[in-house]
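Commentary on secondary and tertiary structure
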Amino acid sequence: MSEKLVIPELRFVEFEGDWQYKQLDSFTEKIQDGTHFSPELIPNGTRKYITSKNIRNGILDLSELDYISQEAHEKIYSRCNVKYSDVLLTKDGAGTGNLCINYLKEEFSLLSSVAFIRANDKVSTNFFIYQLLLSPEGQKEILRSIAGQAITRITLTKLRNFNFCIPKLPEQQKIASFLTSIDERIRLLRDKKAQLQQYKKGIMQQLFSQELRFKPDHPASEGKKENNYPDWEEKRLGEILKVGSGKDYKHLNEGEIPVLGTGGVMIYVNDFLYEGESVCIGRKGTIDHPMFISGKFWTVDTLFYTHSFNQVIPYFVYLLFQMINWKKHNEASGVPSLSKATIEKLTVLIPCQAEQQKIASFLSAIDDAISHVTDQITQTEHFKKGLLQKMFV
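All of the points below concern the structure found in this document. Note that the structure is predicted; figures quoted are calculated from it, not measured.

1. Here we look at the overall build of the protein chain
When you go through the protein chain residue by residue, the secondary structure sums to nine helices and 19 strands. A globule of 393 residues ought to have a C-alpha radius of gyration of about 21 Å, yet the protein chain, at 27 Å, is considerably larger. Here the C-alpha coordinates of the protein chain stretch approximately 85 × 60 × 50 Å along the principal axes. When each of the 393 residues of the protein chain is scored for burial, the buried share is 45%.

Below is the structure:
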């Protein structure tokens, strides 16, 4: 009886032979966590101080940074000398198991909640180890090693003892290069989506402040130098729409009609609460994330929907709701809450319907572009996930 080869389902054709089981510390040069003694944070410090809040899956997030002095950094760095392209992994607290590649070429310090992993470049690469840890086999090792409930953690000993089946260095390099190119594609798509969102935000501020206004399509009448839409009128939201309450859906059977909560679609049922175009806004919990919906739908108790629109286009209302600081109108000290009365009393400036249509058409085109890029990101991430399942054992 022949011995079964240990090889992945999907493999580059130029490689052959078994993969070998090895402990992580046998193909790494160093696995080390950051300082266990928190240094003084200095707003104008010279060195970045990276903690678990900066480690997202696949991203070294520098949007919120702490800094320390050069003197404190040198003490930490003498033990924990993280370098460019090392793998960073959250080993303690919220986000335990998150990992990314360090793309900073400068020296910085780590807190003990983050460890770095550096490959022994004679037998492995950082980028292969990163993809290996993202693979189902890597995630199993991470989940199996997490201890604690209130505060989760992975010890360095468990991390060093992770057991993986790996190929020789040339095949590792080929796999890492291929998967990294897909990560780069995802990064570029995310950047494109962020740019579109920023562009839309800027345009909306200009349109709703009336700094930027559309012109009517038809020419100016005789004797008028310019042809403009009428001035925007101040109205209460209660004058232009009605607010409906969500209801319990548990008595309904499974179907094809979405049940919406503040986080989006929860389940599909066989009956509807409202049919048509509507804008939903949270009654309790997430109150600042309006949603546009069209067709038959049901909303739960924590989500309002709008209906009976009077001289306003529902999609324009959706855009208008995005410009309202809903948290400013929060009525609760605990979980954020809104009431129908509060919503209907709010005063807003409304253009004529023709100008509403121009604004809605222009911004919905940007929303469509954002939605298209979001779909591309989802598809590429799904493709990458499938590869990770088939390219590792």
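2. Some details on the nonpolar core
Ranked by internal contacts, the top residues of the largest apolar core, which has 38 residues, are Phe208, Leu237, Leu319, Phe321, Trp326 and Leu363. When residues of this core are traced back to their parent elements, those giving at least two are helix 5 (169-208), helix 6 (237-240), strand 16 (274-282), helix 7 (314-322), strand 19 (347-350) and helix 9 (353-390). Within the second largest apolar cluster, 34 residues are counted, among which are Leu24, Phe162, Cys165 and Ile186.

3. What about the side chain of Gln172?
By secondary structure assignment, the location of Gln172 is in helix 5. Note on Gln172: relative accessible area 0%, which makes it buried. The residues contacting Gln172, other than those within four sequence positions of it, are Val123, Ser124, Thr125, Phe128, Ile166 and Pro167.

4. Quick notes on the packing of helix 2 (residues 126-134) against helix 3 (residues 136-145)
One can describe the packing of helix 2 onto helix 3 by two numbers: an axis separation of 4 Å at closest approach and a directional angle of 70 degrees. What the angle tells us is that helix 2 and helix 3 run roughly perpendicular. When helix 2 is examined against helix 3, the residues Leu132, Leu133 and Leu134 are found in contact with a partner set consisting of Pro136, Gly138, Gln139 and Ile142. Of the residues that constitute the contact of helix 2 with helix 3, the class distribution is five nonpolar, two polar and no charged.

5. Regarding the environment of Arg213
In this structure, Arg213 sits in the loop between helix 5 and strand 12 (233-236). Taking the C-alpha atoms as reference points, Arg213 and Tyr229, 16 residues apart in sequence, are found 8.6 Å from one another. Dropping the residues within four chain positions of it, Arg213 is found in contact with Tyr229, Pro230, Asp231, Trp232 and Glu355. A polar atom in the side chain of Arg213 sits 3.0 Å from the backbone oxygen of Pro230. Within polar-contact distance, the side chain of Arg213 engages the side chain of Glu355 at 2.6 Å.

6. Digging into the packing of helix 7 against helix 9
In contact at an axis separation of 9 Å, helix 7 and helix 9 are set at 70 degrees when each is read in the N-to-C sense. Comparing the axis directions of helix 7 and helix 9 gives the class roughly perpendicular. For the pair helix 7 and helix 9, the sense of crossing is left-handed. Between helix 7 and helix 9, the residues in contact are Tyr315, Phe316, Tyr318 and Leu319 and Gln356, Ile359, Ala360, Leu363, Ser364 and Asp367, respectively. Of the residues belonging to the contact of helix 7 with helix 9, the class tally is seven nonpolar, two polar and one charged.

7. As for the pairing of strand 14 (residues 254-261)
Pairing of strand 14 with strand 15 (residues 264-269) involves six bridges; the strand directions are antiparallel. By the bridge assignment, Val259 is partnered in strand 15 with Ile267. Turn length for the strand 14-strand 15 hairpin, with the two strands adjacent in sequence and antiparallel, is two residues. Sheet topology places strand 14 next to strand 17 (residues 291-299); two bridges connect them, and they run parallel. Paired with Leu260 across the strands is Thr299, a residue of strand 17.

8. What about the packing of aromatic side chains?
Note on aromatic pairs: each is described by the distance of the centres and the angle between the planes. According to the stated counting rule, one finds 14 aromatic pairs in the structure shown. With a centroid separation of 5.7 Å and 90 degrees between ring planes, the pair formed by Phe12 and Phe178 is classed as edge-to-face. Of this pair, Phe12 sits in the segment before strand 1 (20-23) while Phe178 sits in helix 5, placing them 166 residues apart in sequence. With relative accessibility at 22%, the residue Phe12 sits in the partly exposed group. Look at Phe178 and you get partly exposed, because its relative accessible area is 30%. For the pair Phe321 and Trp326, a centre-to-centre distance of 5.0 Å together with 70 degrees between the ring planes defines the contact as edge-to-face. Three or more aromatic residues link up through ring pairs in this structure, and these residues are Trp19, Phe128 and Phe392. The lysine or arginine in question, Lys105, covers the ring of Tyr84, its NZ or CZ lying 5.3 Å from the ring centre.

9. Quick notes on the pattern of salt bridges
The final tally for this structure, using the stated rule, is 23 salt bridges. Across the salt bridge formed by Arg118 and Asp86, the nearest N and O atoms sit 2.9 Å from each other. In this pair, Arg118 sits in strand 10 (residues 114-119) while Asp86 sits in the loop between helix 1 (70-77) and strand 7 (87-90), placing the two residues 32 residues apart along the sequence. Across the pair Asp191 and Arg187 runs a salt bridge, and its minimum N-O distance is 2.8 Å. With Asp191 and Arg187 both in helix 5 and four residues apart, the pair spans about one turn of that helix. On the accessibility criterion, Arg187 (38% relative accessible area) is partly exposed. A single network of salt bridges, built from pairs that share partners, joins Asp33, Arg79, Lys91 and Asp92.

10. Topic: the environment of Asn253
When you line up the elements, Asn253 lands in the loop between strand 13 (242-244) and strand 14. Linking Asn253 and Tyr268, residues 15 residues apart in sequence, is a C-alpha distance of 8.6 Å. If we ignore the near neighbours within four places in the chain, the residues touching Asn253 are Tyr268, Val269 and Asn270.

What counts as what
- Residues numbered from 1 in each chain as written.
- Predicted model: local features only at pLDDT ≥ 70, side-chain atom pairs only at ≥ 80, totals over all residues.
- Heavy atoms only, no water.
- Helix = DSSP H or I, 4+ residues; strand = E, 2+ residues; numbered from the N terminus.
- Rg over C-alpha atoms; globule rule 2.2 N^0.38 Å.
- Buried < 20%, exposed > 50% of the residue type's maximum accessible area, 1.4 Å probe, protein only.
- Core = buried A, V, L, I, M, F, W, Y, C linked by side-chain atoms within 4.5 Å.
- Contact = heavy atoms within 4.5 Å.
- Axes fitted to C-alpha atoms, helices over the stretch in contact; angles between N-to-C directions.
- Parallel < 35°, antiparallel > 145°, perpendicular 65-115°, else oblique.
- Nonpolar A, V, L, I, M, F, W, Y, C, P; charged D, E, K, R; others polar.
- Polar contact = N/O pair within 3.5 Å; in protein donor to acceptor, adjacent residues only side chain to side chain.
- Left-handed = near helix turned anticlockwise from the far one by under 90°.
- Pairing = 2+ DSSP bridges.
- Phe/Tyr/Trp six-rings, centres within 6.5 Å; stacked < 30°, edge-to-face > 60°.
- Lys NZ or Arg CZ within 6 Å of the ring centre and 35° of its normal.
- Salt bridge = Lys/Arg side-chain N within 4 Å of Asp/Glu carboxyl O.

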